[in-house]
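Examination of the molecular architecture
Read off the chains here:
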Amino acid sequence: MDIYILRHGKAEESTPEGGDAARRLTTKGSEEILSVGLFLAAQDLEFDLIAASPLARAQETAAIIAGVLKYKKKPASWNVLVPGGEPDAVCHEISRHGKPSAILLVGHEPLLSSLISRIIAGNEEAGIAMTKGGLAKIRDVSFTQRPSGELHWLLTAKQMTPRK
């Protein structure tokens, strides 16, 4: 299975009345995520599963990608993808969904970097940093003995945005 890991786009600042969970994407954040979606479409990617953190900015990010890719279902909301989540809990949740060939996870830092590190290195010390709108592809992921896979690429939103 291949796992694609996407950090949400740029979001508005936290407000006392809305709190962190309600933060939405900025206009620039939405535009960057649209570029990511177009990049994924240009790669002819299709996902068996799209799952996102329940926080507003991650849900918006997943919805934009799903729209561009014409994903037929509503992206799943996984509490294990919230900020401060545990990589092993995410791996367990993935393994509960059978053997999809390609999935997209949308979430937050530092969880996503820790998750990538856990899968490719067996621990959380690989020193990976995901920028907002950043996308990683881990191929040949397996959960048979321990999470394992090969980091195929890690891109920033800017690298996926066409030049004008």
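Residues numbered from 1 in each chain as written. Predicted model: local features only at pLDDT ≥ 70, side-chain atom pairs only at ≥ 80, totals over all residues. Heavy atoms only, no water.

**Things to note about the overall build of the chain**
In terms of helices and strands, the chain carries five helices and six strands. Along the chain direction, N to C, the helices and strands of the chain fall in the order β-α-β-α-β-α-β-α-β-β-α. Radius of gyration (C-alpha) of the chain: 15 Å, near the 15 Å computed for a compact globule of 164 residues. With the principal axes as the frame, the chain shows a C-alpha extent of 45 × 35 × 30 Å. With 164 residues in all, the chain has 47% of them scored as buried. A separation of at least 24 residues holds for 70% of the contacts in the chain among residues at least 6 apart in sequence. Separation of charge centres in the chain, based on 20 positive and 19 negative side chains, amounts to 4 Å. (Helix = DSSP H or I, 4+ residues; strand = E, 2+ residues; numbered from the N terminus. Rg over C-alpha atoms; globule rule 2.2 N^0.38 Å. Buried < 20%, exposed > 50% of the residue type's maximum accessible area, 1.4 Å probe, protein only. Contact = heavy atoms within 4.5 Å. Lys, Arg positive; Asp, Glu negative; His and termini not counted. Charge placed at Lys NZ, Arg CZ, Asp CG, Glu CD.)

**Comments concerning the packing of aromatic side chains**
Going through the model one piece at a time under the given rule, you end up with three aromatic pairs. Note on Tyr-4 and Phe-47: the rings are 5.1 Å apart at their centroids and 80 degrees apart in plane angle, and the pair reads as edge-to-face. You can see Tyr-4 sitting in strand β1 (residues 2-7) and its partner Phe-47 sitting in the loop between α1 (27-42) and β2 (49-52), a full 43 residues away along the chain. Judged by relative accessible area, Tyr-4 falls into the buried class, the value being 2%. A residue is classified by how much of its surface remains accessible, and Phe-47, at 8% relative accessible area, is buried. Taking the centre distance of 6.0 Å and the plane angle of 85 degrees together, the rings of Phe-39 and Trp-153 count as edge-to-face. Here Phe-39 is found in helix α1, whereas its partner Trp-153 is found in strand β6 (residues 148-155), with 114 residues between them in sequence. Counting every residue linked through ring pairs, the aromatic cluster contains Tyr-4, Phe-39, Phe-47 and Trp-153. (Phe/Tyr/Trp six-rings, centres within 6.5 Å; stacked < 30°, edge-to-face > 60°.)

**Digging into the environment of Lys-28**
Tracing the chain through its elements places Lys-28 in helix α1. The exposure class assigned to Lys-28 is partly exposed, which follows from its relative accessible area of 46%. Counting along the chain gives 18 residues from Lys-28 to Lys-10, while the straight-line C-alpha distance between them is 6.9 Å.

**Quick look at helix α3 (residues 87-95)**
Given 3.6 residues per helical turn, the α-helix brings residues three or four places apart onto the same face. The complete set of buried residues in α3 reads Pro-87, Val-90, Cys-91, Glu-93 and Ile-94. Here the buried residues of α3 occupy an arc of 160 degrees about the axis, which is enough to place them on one side. (Arc of directions from axis to C-beta.)

**Digging into the packing of α3 against helix α4 (residues 111-121)**
Their axes nearest at 9 Å, the elements α3 and α4 cross at an angle of 70 degrees. One way to sum up the angle between α3 and α4 is to call them roughly perpendicular. Regarding α3 and α4, the two cross each other, and that crossing is right-handed. Contact with α3, carried on its side by Pro-87, Asp-88, Val-90 and Cys-91, involves Leu-111, Ser-114, Leu-115, Arg-118 and Ile-119 of α4 and no other residues of that element. Here the contact of α3 with α4 is built from residues that sort into six nonpolar, one polar and two charged. (Axes fitted to C-alpha atoms, helices over the stretch in contact; angles between N-to-C directions. Parallel < 35°, antiparallel > 145°, perpendicular 65-115°, else oblique. Left-handed = near helix turned anticlockwise from the far one by under 90°. Nonpolar A, V, L, I, M, F, W, Y, C, P; charged D, E, K, R; others polar.)

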